[in-house]
Every structure is written in C-alpha cells, then in structure tokens.
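# Examination of the molecular architecture
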Amino acid sequence: MARGADIGTEMPKALREAVQRLMETGGFEGTFTLARTPGGGVDYFLSTKEEGAPELLPLHPVMPNHAGRLLREMTLGGAMRGKVLVITRPCELRGFVEIVKRLQGCLDNLVFLSVVCGGVFPLSMVSAGWDGKRTEEYWAYPDGRPVQGLRPACQGCTEFIPYTADLVVAPSANGHWALTAGSEEGGRLIERAFPSAPAAEMDPKALEAMAVARKAGREEVLSHEADVKGLSDLVKVFGRCIGCHACSKACPICYCTLCTFESSRMEDRMEQSKGQLEVKGGIRAPAGTVLFHIGRMGHMAVSCVACGCCQDVCPVGIPVSLLFKKVGEAVQARFEYVPGRDVKEALPINTFQPMEFKEVGE
Ligand code: SF4
Ligand code: SF4
Ligand code: SF4
C-alpha cells in the first residue's frame, strides 16, 4: 500500500488544505463534510462546486447530526450519483456500515476520509457559542492527553480508529499529522494529491497513549453515569423519560419509517390502560416510555456504535448512549461482533450458527 503524507502541524488549516488538494486531484464531483451554516452554526453539507459553497470545516469537533443517518437518507434518495469524498468520524462510518448491512444505505461512489478520533464536544457547547481557542487546543491531542469537556461517549470511546476508511488522518511523529491510506484507492489519491510531501505514518506511541486514556475514561463514565445493574435500575433511570423520541430520531441505526412506538398500536395501549386505571387509580401519559427503550435496545443493541448522539439530544439528561453502550457491548461480546468493522461481516441477528448458545439449550 502507498505511503502516507506528512500534512504538517497546523491543524485544522492543514486538514482543510489536504481536503482541497484531494478534491482538485482525485476526480471527485462533490464533498460531504461539516461546513458553516448561514447563521454561524455547523452542519453537514453536500457541496458540488466551490462557487457559492459554504466554508468547509472538515472534522470540526462537533456532531450536529450523525453522518451515517444522513448518508442513509441521501444514498437511498439517489443524491450521490458521482464520486463523493465523505469526511466523517469513525463512529459515523461504522454506523453507516451497519445500516448498509440492513440494505438501508449504499456505499457506491463514496470515498471515506476519517480520523484517529479525538472525540467531539456536546452540542450544548456549540449553542453556547464556539470559542476558537478550543479548536486549537483540541488538535493538540496526538500526545494522548484527554481533552476536557468531550461528550461522555467520546471520553469512553475505545473504537477511535476507523476500520474501513480509504483515507485516515492520524497523529504522526513529533506532533505532526499524517494522511495515511486505508485502501488501495486511498493510496492512489495520496500519491496524486501529495507527490512530493515527506512520507509519514501513524505514530504507534500516540495511539497507545490514546488507548490507555480512553480505557480509563470508559471505566469512569460507565461507573459514574451508567451504573445500572438490572431491569429495576433501568426502569428507574428511564423513569425520567418524557417520551419525546428525540434519541431514536438522532440514532443512525433506528431506521424504521413507521416506528412501532409511534404507531396506532401505542394509541391502542392507552385504550387498554383503562383497565389499569380502574385497578391503580392512575396511569402515566404518554404510555410506554420505559417499554420504548427496552424495545429499542432489543432492536439495535447488536449494532449500537456508541456514538453519543442519542444522549446529546435528550432534554432531560438521561445517559442514553452510555446505557446503550453498556448493553450493546455485552450483546456484541457474546457474538464477538464489532459493529461497522467490516461491511462483509454478516449481522449476527441475521445468521444462525448451530453451535452457538448451547448453554441456553438444544
Ligand atoms: S464516539 Fe468515538 S469515534 Fe465517535 S466521535 Fe467520539 S471518539 Fe470519535
Ligand atoms: S443508541 Fe445512541 S449511542 Fe447507540 S448508535 Fe444509536 S445514537 Fe449512537
Ligand atoms: S430523548 Fe430523552 S426524554 Fe426523549 S425519549 Fe429519549 S430518553 Fe426519553
């Protein structure tokens, strides 16, 4: 595979310039990346030409929407007809791969650029006004120092290296950043865009330092914010839920256009509750707030990529993503499955292995 290229130390400027070069030399018809919105915010844009395009902010450290969820809608809707450079975080790419496995998205024409991920900040920090100095401090993370104020999901994220990206931005030696190839196509793109840049590769020491910090972060966030031991604890935590369903709308994996929990079956539930009203003297409205989470866990624990989007949008501060991460990790470990690791790896829920779970019974 081709060598990586040294893109320097001045992030995020160096990254913007690298993207520019890739666009000029890579035969792309568009790019899908974070960009500045007219109101000064940040969101994803698909841009096909420079003129009139918004200011691109590739890998800006926020996740206003999960890119995998957006790509699901855009690829099914046929928006990606030409070759597009898609710039996302590893958990966004993994979420998209999971949804492609469910035939709800398409990888055709997409070339992915991702990053050895330093995490993202909560959306509340963005709405409170973005301090430019924070971006500078953020990109100083190759030494493995934990960045303060990240989303809880990112503080405990141990899957921060993108598995299937064609191009990977990674910490290199001496505080430099490298653009490395994750596929043959990535290698060709680097050769064309950086014919004379000094060679560079990922620094294993920086990766190790990040892995150690994240492992410790994982223990901490899970023990503090998701210390849930059984169903009764789950019922207690989700007892605060107001049933807005923002968490499922933000999730890349929840794709049902007609969610059971928003269908007329739930209206019937209210009807059925009349009996309970007579017995108990009171019923909660909306109904089924806890059942919604238990049902959602059952549907998607095997594919939860622990991105943190659900938690970021919860108006009542429920640690949704940490709880899903905890349950998801346990389920995924039983199947030795890492969601989004490989698009060719079958979904465990779609495959039957005669010898698995023998302890449950023949
Ligand atoms: S969850 Fe992991 S991959 Fe996703 S943004 Fe946070 S650190 Fe990056
Ligand atoms: S449940 Fe939450 S953490 Fe898991 S994939 Fe969905 S949005 Fe991300
Ligand atoms: S976003 Fe929060 S309040 Fe709304 S349904 Fe999800 S857990 Fe409940």
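Scroll up to find the structure this text is about.
Anyway, here's the lowdown on the structure attached to this text. Note that the structure is predicted; figures quoted are calculated from it, not measured.

Counting secondary structure elements, the chain contains 14 helices and eight strands. Overall, the chain is about 80 × 50 × 40 Å in size when its C-alpha atoms are taken along their principal axes. For the chain, the residues scored as buried account for 48% of the 362 residues in total. Positive and negative side-chain charges of the chain, numbering 40 and 43 respectively, have mean locations separated by a distance of 4 Å.

In spatial order, the strands read β3-β2-β4-β5-β6-β7-β1-β8; together these eight strands make up an open sheet with mixed pairing. The sheet is open, and its two edges are formed by β3 (42-47) and β8 (199-200), each paired on a single side. The pairing of strand β4 (residues 84-87) with strand β5 (residues 110-115) spans four bridges and is classified as parallel. What sits directly across from Val-86, in β5, is Phe-112. On top of the sheet, helix α3 (residues 90-101) reaches β3 and β5; it is set at about 145° to β5, its chief contact.

On the secondary structure map, Arg-240 appears in the loop between α9 (231-238) and α10 (246-250). For the pair Arg-240 and Val-316, spaced 76 residues apart in the sequence, the C-alpha separation amounts to 7.2 Å. Here the side chain of Arg-240 touches Gly-317 through a polar contact of 3.0 Å, landing on its backbone oxygen.

Before going further, it helps to examine the packing of helix α12 (residues 289-300) against helix α14 (residues 320-334). For the pair α12 and α14, interaxial distance at closest approach is 11 Å and the crossing angle is 45°. Classified by the interaxial angle, the pair formed by α12 and α14 is oblique. Between α12 and α14 lies a crossing of right-handed hand. Along its contact with α12, which presents His-293, Arg-296, Met-297 and Met-300, the element α14 presents Val-320, Leu-323, Phe-324 and Val-327.

In this section: the pairing of strand β2 (residues 30-36). For β2, the buried fraction is high: six of the seven residues fall into the buried class. As defined by bridge partners, β2 adjoins β4 across three bridges and the pair is classed as parallel. Each bridged residue has a counterpart across the sheet, and for Thr-31 the counterpart in β4 is Leu-85. The pairing of β2 with β3 spans six bridges and is antiparallel. Paired with Arg-36 across the strands is Val-42, a residue of β3. Count of turn residues in the β2/β3 antiparallel hairpin: five residues, of which Gly-40 carries a positive phi of about 95°.

Judged by how many residues are buried, helix α2 (residues 67-76) sits mostly within the fold: seven of 10 residues are covered. Residue Gly-78 follows α2 closely and has a positive phi angle near 80°.

The next point concerns the environment of Val-302. By the secondary structure assignment, Val-302 is in the loop between α12 and α13 (309-313). Residues Val-302 and Leu-85 lie 217 residues apart in sequence; the distance between their C-alpha atoms is 28 Å.

A few words now on the packing of aromatic side chains. Applying the stated criterion to the full structure yields five aromatic pairs. On the numbers, 5.2 Å between centres and 90° between planes, the contact of Tyr-138 with Trp-139 is edge-to-face. Here Trp-139 falls in the buried class, since its relative accessible area comes to 5%. Pairing Trp-139 with Trp-177 gives two aromatic rings, centres 5.3 Å apart and planes at 80°, and the pair type is edge-to-face. Taken together, the residues span a long stretch of sequence, with Trp-139 in the loop between α5 (132-138) and α6 (152-155) and Trp-177 in strand β7 (residues 177-181) at a distance of 38 residues. For the pair formed by Trp-139 and Trp-177, the shared burial category is buried.

Quick notes on the rules
- Residues numbered from 1 in each chain as written.
- Chains lettered and ligands numbered in written order.
- Predicted model: local features only at pLDDT ≥ 70, side-chain atom pairs only at ≥ 80, totals over all residues.
- Heavy atoms only, no water.
- Helix = DSSP H or I, 4+ residues; strand = E, 2+ residues; numbered from the N terminus.
- Buried < 20%, exposed > 50% of the residue type's maximum accessible area, 1.4 Å probe, protein only.
- Lys, Arg positive; Asp, Glu negative; His and termini not counted.
- Charge placed at Lys NZ, Arg CZ, Asp CG, Glu CD.
- Pairing = 2+ DSSP bridges.
- Contact = heavy atoms within 4.5 Å.
- Axes fitted to C-alpha atoms, helices over the stretch in contact; angles between N-to-C directions.
- Polar contact = N/O pair within 3.5 Å; in protein donor to acceptor, adjacent residues only side chain to side chain.
- Parallel < 35°, antiparallel > 145°, perpendicular 65-115°, else oblique.
- Left-handed = near helix turned anticlockwise from the far one by under 90°.
- Phe/Tyr/Trp six-rings, centres within 6.5 Å; stacked < 30°, edge-to-face > 60°.

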